[in-house]
Amino acid sequence: MGCEKEYHEIFHDLKDKLQFHRPYENAIGSNSIPKNKLIVSSKMKRAAVLICIFGGKEGELRVFLTKRSKNLASHPGDVALPGGKMDEGDVDDSATALREAEEEIGLDPCLVRVVASLDPFISSNLLSVVPVVGILSRVEEFKPVLNADEVDVIFDAPLEMFLEEDGRHKCVEKEWGKWKYGCHIFDFEWDQRNFIVGGLTASILIQAASIIYQRPPSFNQNLQDFSQLQRTLNSIN
């Protein structure tokens, strides 16, 4: 009963923050995700990812991540959030994210309470990616079943990690054409294995964490970040 009450409070707290959020301008750089002003081209394919949040043993909020199969044609071996492209049968972004999570890691959609969808991110291959935030209240009932064709590993990380400058974070300079931008990278150890969280996944989690914890990250951004590159990609599409 106490656990259900706790998650009921978490659900409504996150719902209030995420549905009526005003993202911090410095969350991931002064030129952050264009939020409500972002105009996504109708030619752009749509995708959704699931930010599945649950409570850790110390009461912290944690999020599930996957390491993509090395056999995939797109981003093999990268760390990602469960998700993928929208199918014609998906009624909305939440349906896409939940369907993909079930296909990739065996997460029963009935166990997830969707809180809200964040504004879309634009991937480097011109996908409009919508982050869908959901709460897994009965984490003990989730028994991962990995789709070996798509996922090699599932693990979890503390959400607040994506706001902290504690030695696990760095920002490296990258180039796209003539465009130089900063890419956030987090080096995380789980079950005696090291995982690198970077690129679009890192940007999404920084933004989500900044909204949920109501504060910007502790690290500074010296270069225009990946989200500003997204705006350029959108403008030329």
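One structure accompanies this document, and this report is about it. Numbering of residues starts from 1 in each chain and follows the order in which that chain's sequence is written. Local features in this predicted model are restricted to residues of pLDDT 70 or higher, and side-chain atom pairs are both shown and tallied only at a pLDDT of 80 or more, whereas totals for entire chains, interfaces and linings draw on every residue. To obtain the side-chain values, all non-hydrogen atoms of the structure were included, while hydrogens and water were left out.

## So, the pattern of salt bridges
Salt bridge criterion: a side-chain nitrogen from Lys or Arg within 4 Å of a carboxyl oxygen from Asp or Glu. Tallied over the entire structure, the rule returns 11 salt bridges. A salt bridge links Glu 60 to Arg 62; the shortest N-O distance between them is 3.0 Å. A relative accessible area of 23% places Glu 60 in the partly exposed class. Where Glu 160 meets Arg 215, a salt bridge forms, and the shortest distance between an N and an O atom there is 2.9 Å. One end of the pair, Glu 160, is in the loop between β8 (151-158) and β9 (169-176); the other, Arg 215, is in the loop between α3 (199-212) and α4 (226-236), with 55 residues separating them in the sequence. On the basis of relative accessible area, Arg 215 is assigned to the partly exposed category, the value being 25%. Among the charged side chains, a network of salt bridges with common partners joins Asp 87, Asp 90, Arg 99, Glu 100 and Glu 103. Whether a residue is buried, partly exposed or exposed follows from its accessible area with a 1.4 Å probe, protein chains only, as a fraction of its type maximum: under 20%, in between, or over 50%, in that order. Secondary structure is summarised from DSSP: a helix means a run of H or I of at least four residues, a strand means a run of E of at least two, and numbering begins at the N terminus for each.

## Examining unusual backbone geometry
Even without a glycine there, the phi angle at Asp 191 is positive, about 50°. By the element assignment, Asp 191 lies in the loop between β10 (179-190) and β11 (193-198). Owing to a relative accessible area of 58%, Asp 191 belongs among the exposed residues under this scheme. Of note in the backbone geometry, Gln 214 takes a positive phi value of approximately 55° without being a glycine. Position of Gln 214 relative to the elements: it lies in the loop between α3 and α4.

## What to know about the packing of aromatic side chains
Here a ring pair, both rings aromatic, is described through the centre-centre distance and the interplanar angle of the planes. When two rings of Phe, Tyr or Trp (its six-membered ring) have centres within 6.5 Å they constitute a pair, described as stacked for plane angles under 30 degrees, edge-to-face for angles over 60, and tilted for the intermediate range. Under the definition given, this model contains 8 aromatic pairs. Here the aromatic rings of Phe 54 and Phe 64 are separated by 4.6 Å at their centres, their planes lie at 20°, and the arrangement is stacked. Taken together, the residues Phe 54 in strand β1 (residues 45-55) and Phe 64 in strand β2 (residues 61-68) connect sequence positions 10 residues apart. Of the residues examined, Phe 54 reaches a relative accessible area of 7% and is grouped as buried. Through successive ring pairs, a cluster of aromatic residues spans Phe 155, Phe 188, Trp 190 and Phe 195.

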